[in-house]
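# Observations on chain architecture
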Amino acid sequence: MSLFGKIFGSGGKGGKAPTPQEAIQRLRETEEMLAKKQDFLEKKIEQELVTAKKNGTKNKRAALQALKRKKRYEKQLAQIDGTLSTIEFQREALENANTNTEVLKNMGFAAKAMKAAHENMDIDKVDDLMAEITEQQEVAQEISDVISRPVGFGEDYDEDELMAELEELEQEELDKNLLEIGGTENLPSVPSTSLPSKPAKKKVEEDEDDMADLEAWAAN
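The structure reproduced in this document is the subject of the present report. Starting from 1, residues in each chain are numbered consecutively following that chain's sequence as written. Predicted model: local features are reported for residues with pLDDT of at least 70 only, side-chain atom pairs are reported and counted for 80 or more only, and whole-chain, interface and lining totals are derived from all residues. No hydrogens and no water enter the side-chain calculation; it runs on all heavy atoms of the structure.

## Details of the overall build of the protein chain
What the protein chain contains, in helices and strands, is six helices and zero strands. Strands are runs of DSSP state E lasting at least 2 residues, helices are runs of H or I lasting at least 4, and numbering of each runs from the N terminus. Listing each helix as α and each strand as β along the protein chain from the N terminus yields α-α-α-α-α-α. Partly exposed describes any residue whose relative accessible area lies between the buried limit of under 20% and the exposed limit of over 50%, with all areas from a 1.4 Å probe on protein chains only and scaled to the type maximum. A burial count over the protein chain gives 11% of its 220 residues as buried. By definition, residues are in contact when any of their heavy atoms lie within 4.5 Å. Partitioning the contacts of the protein chain with sequence separation of at least 6, the portion at a separation of at least 24 is 70%. Carbon and sulfur atoms form 56% of the exposed surface of the protein chain, whose accessible area is close to 19,500 Å². Values of accessible area rely on a 1.4 Å probe in the Shrake-Rupley scheme; residue burial ignores everything except the protein chains shown.

If you want it as structure tokens, here you go:
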């Protein structure tokens, strides 16, 4: 099978188009074939170069023929390099196209699933449901507020009466404090002046008299 047959297949115009996976696989096979051809040509170029060096001084005609063959092989090798670059670019583009195809296919599948999920949903019904939920939450909050409000079972007091009693207690406490302050004012005050102290000179004279009596007794 020719190179173009490997790449494009042998089907006619009415044949089924190959899948991206099939085309990518064939391009890879072609790359492998061309890579083997490269190895072959490189070896041939090396052989012809050895032949040309060997016959360079002995047989110039054989050396020239070897160099000509070497040039043809090098030309073929350059062509294969260009072909490989083109095939590699085409394979990468095909791989990207295949990836994009799979992505779009999955996105379309997800879109259909979302459409099916929303098929039985009515936006007006959704709005009504959300309004009902909000209303029930408000009712629940009002119930919680009522339940948490302190309640005195059987205890009904007059606020004015309680305030009057409190003022009466405060007045009694104030009167008591005033009586205590008035009682402390009637007590005698503590003298502010200190008591007279014994003169220090008289104390010194008494000590001298005692010492004189002691010396007289010792002399006898």
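Right, picking up where we left off after that structure.
## Focus: the packing of helix α2 (residues 20-54) against helix α3 (residues 60-118)
The angle between two axes is taken between their N-to-C directions and runs from 0 to 180 degrees, where each axis is a line fitted to C-alpha atoms and a helix contributes only its stretch in contact. Close contact between α2 and α3 brings their axes to 8 Å; oriented N to C, the two are set at 160°. By the angle between their directions, the pair α2 and α3 is classed as roughly antiparallel. Crossing of α2 over α3 shows left-handed handedness. For this classification, Asp, Glu, Lys and Arg are treated as charged, while Ala, Val, Leu, Ile, Met, Phe, Trp, Tyr, Cys and Pro are nonpolar and the rest, including Gly, are polar. A per-class count over the contact of α2 with α3 returns 18 nonpolar, eight polar and 14 charged. Angles are sorted into four bins: roughly parallel if under 35 degrees, roughly antiparallel if over 145, roughly perpendicular if 65 to 115, and oblique for all others. By convention, the crossing between two helices is left-handed when the near helix turns anticlockwise from the far helix through less than a right angle, and right-handed when the turn is clockwise.

## Observations concerning a nonpolar patch on the surface
Patch members must show over 30% relative accessible area and no salt bridge, and they are joined within 9 Å when carrying like charges or within 5 Å when they are nonpolar side chains of Val, Leu, Ile, Met, Phe, Trp or Tyr. By definition here, a salt bridge exists when the distance from a side-chain nitrogen of Lys or Arg to a carboxyl oxygen of Asp or Glu is within 4 Å. Together, Met 121, Ile 123, Val 126, Leu 129, Met 130 and Ile 133 give the surface a local cluster of nonpolar side chains, amounting to about 570 Å² of exposed area. Checked against the element boundaries, Met 121 lands in the loop between α3 and α4 (123-148).

## With respect to the pattern of salt bridges
Per the stated rule, a full pass over the model turns up six salt bridges. In this structure, Arg 69 and Glu 48 form a salt bridge, with 3.0 Å as the shortest nitrogen-oxygen distance. Residue Arg 69 is found in helix α3, and its partner Glu 48 is found in helix α2; the two are separated by 21 residues along the sequence. What makes Arg 69 partly exposed here is its relative accessible area of 26%. A salt bridge links Glu 74 to Lys 70, with the shortest nitrogen-to-oxygen separation between them at 2.6 Å. Remark: Lys 70 and Glu 74 occur in helix α3; sequence separation between them is four residues, near one turn of the helix. Among the residues examined, Glu 74 registers a relative accessible area of 30% and is labelled partly exposed.

## Some points on α3
Each residue after the first adds 1.5 Å to the expected span of a helix. The end-to-end C-alpha separation of α3 is 86 Å, in line with the 87 Å expected for 59 residues at 1.5 Å each. Of all the residues in α3, the buried ones are Ala 63, Ala 66, Lys 70, Tyr 73, Leu 77, Ile 80, Leu 84, Ile 87, Arg 91 and Asn 98. Close packing links the buried residues of α3 with α2.

## Comments concerning a negative patch on the surface
Charge convention: Lys and Arg are scored as positive, Asp and Glu as negative, and His as well as the terminal groups of each chain are ignored. To locate a charge, take NZ of a lysine, CZ of an arginine, CG of an aspartate or CD of a glutamate. On the surface, a cluster of negative charge is contributed by Asp 158, Glu 159, Asp 160, Glu 161, Glu 165, Glu 168, Glu 172, Glu 173, Asp 175 and Glu 180. For Glu 168, the location among the structural elements is in helix α5 (residues 159-185).

## Considering the nonpolar core
Throughout this description, the term nonpolar core refers to a set of buried Ala, Val, Leu, Ile, Met, Phe, Trp, Tyr and Cys residues connected via side-chain atoms within 4.5 Å. Within the largest apolar cluster, nine residues are counted, these being Leu 27, Leu 34, Leu 41, Ile 45, Tyr 73, Leu 77, Ile 80, Leu 84 and Ile 87. Those elements that place two or more of their residues in this core are α2 and α3. Ranked by the residues each element gives to this core, the list is headed by α3, at five residues.

## Examining the side chain of Glu 48
The exposure class assigned to Glu 48 is buried, which follows from its relative accessible area of 7%. Think of a polar contact as two N or O atoms within 3.5 Å of one another; within protein, one of them needs to be a possible hydrogen donor and the other a possible acceptor, and neighboring residues in sequence only count if both atoms come from side chains. One polar contact links Glu 48 to Arg 69, side chain to side chain, over a distance of 3.0 Å. Ignoring any residue separated from it by four or fewer positions in sequence, one finds Glu 48 in contact with Ala 66, Arg 69, Lys 70 and Tyr 73.

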